[in-house]
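Structural features, examined
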Amino acid sequence: MAKDLQISFLLDFYGDMLTEKQREMIEYYYNEDLSLAEIADNQGITRQGVRDSIKRAESQLLEMEERLGLAKRFREMREGLSQICDAALRIEEYNARYIYAREVEQEVKNIIDTAKKLCED
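Residues numbered from 1 in each chain as written. Predicted model: local features only at pLDDT ≥ 70, side-chain atom pairs only at ≥ 80, totals over all residues. Heavy atoms only, no water.

**Points about the overall build of the protein chain**
- In terms of regular secondary structure, the protein chain is built from 6 helices and 0 strands.
- Scaling as 2.2 N^0.38, a compact globule of 121 residues should have a C-alpha radius of gyration of about 14 Å, whereas the protein chain reaches 22 Å, well beyond that.
- The principal-axis extent of the C-alpha atoms belonging to the protein chain is close to 70 × 25 × 20 Å.
- Classification of the 121 residues of the protein chain by burial places 29% in the buried group. (Helix = DSSP H or I, 4+ residues; strand = E, 2+ residues; numbered from the N terminus. Rg over C-alpha atoms; globule rule 2.2 N^0.38 Å. Buried < 20%, exposed > 50% of the residue type's maximum accessible area, 1.4 Å probe, protein only.)

Here's what the structure looks like:
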């Protein structure tokens, strides 16, 4: 069973919507990198039971993302913030090189600080 790293990402957004058992199986498999056999031994169930639980949880995570799109929106926001920071840095460089206006410098700093703060949250 090939590991899809998107599932680990989706788990961050929708993990609380899974059953406790499904969430544990997915976390063991994706985040702790345990094999199906290792999880089965630890949980006292069959390897097939682990696989079935993981497959059901993966399907639910993908369906939730398809319906809600939170992870996609998060990636788009991060990309947009990165583009905003890049543009602000270009403005800052242009300002320093050609005109130097203290107001422009301060506004660029505000933009970058705000974008960085949003990326951290």
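**Some thoughts on helix α5 (residues 70-99)**
- Helix length check: α5, at 30 residues, gives a terminal C-alpha distance of 42 Å against a target of 44 Å (1.5 Å per residue), a fit within 8%.
- Looking at the packing, one finds that the buried side of α5 touches α1 (5-14), α4 (47-68) and α6 (102-120).
- Following α5 by one or two positions, Y100 adopts a phi angle in the positive range, close to 40°. (Expected span 1.5 Å × (residues − 1). Contact = heavy atoms within 4.5 Å.)

**Quick word on the side chain of Q43**
- Mapped onto the fold, Q43 is located in helix α3 (residues 36-43).
- There is a polar contact of 2.9 Å between the side chain of Q43 and the side chain of K21.
- Every residue in contact with Q43, bar those within four places of it in the chain, is listed here: K21, E24, M25 and Y28. (Polar contact = N/O pair within 3.5 Å; in protein donor to acceptor, adjacent residues only side chain to side chain.)

**Focus on the pattern of salt bridges**
- Within this structure, the stated rule accounts for 6 salt bridges.
- A salt bridge links K72 to E76, with the shortest nitrogen-to-oxygen separation between them at 3.9 Å. Residue K72 and its partner E76 are both found in helix α5; the two are separated by 4 residues, about one turn of the helix. (Salt bridge = Lys/Arg side-chain N within 4 Å of Asp/Glu carboxyl O.)

**Let's talk about α6**
- Compared with an ideal rise of 1.5 Å per residue, which puts 19 residues at 27 Å, α6 spans 27 Å between its outermost C-alpha atoms and is within 8% of the ideal.
- Residues of α6 that are buried: V108, I112 and A115. Along the axis of α6, the buried positions cluster into a sector of 65°, meaning they face one direction only. For α6, exposure combined with an orientation more than 90 degrees from the buried face picks out R102, E103, K117 and E120.
- Along its buried surface, α6 packs onto α5. (Arc of directions from axis to C-beta.)

**Things to note about the packing of aromatic side chains**
- Counted according to the given criterion, the structure contains 6 aromatic pairs.
- Relative to Y14, the ring of F13 lies with its centre 6.3 Å away and its plane at 45°, an arrangement referred to as tilted.
- Using a relative accessible area of 29% as the deciding quantity, one classes F13 as partly exposed.
- Look at Y14 and you get buried, because its relative accessible area is 1%.
- For the ring pair Y29 and Y30, a centre distance of 5.0 Å and an interplane angle of 90° mean the geometry is edge-to-face.
- One aromatic cluster is present, formed by F9, F13, Y14 and F74 through successive ring pairs. (Phe/Tyr/Trp six-rings, centres within 6.5 Å; stacked < 30°, edge-to-face > 60°.)

**So, the nonpolar core**
- If you look at the biggest cluster of nonpolar residues, it comprises 19 residues, and the most contacted ones within it are I26, I39, V50, I54 and L61.
- Of all the secondary structure elements, the ones that give two or more residues to this core are α1, α2 (20-31), α3 and α4.
- The leading source of residues in this core is α4, at 5 residues.
- Beyond its immediate stretch of four places on either side in the chain, V50 contacts M25, L36, I39, A40 and I45. (Core = buried A, V, L, I, M, F, W, Y, C linked by side-chain atoms within 4.5 Å.)

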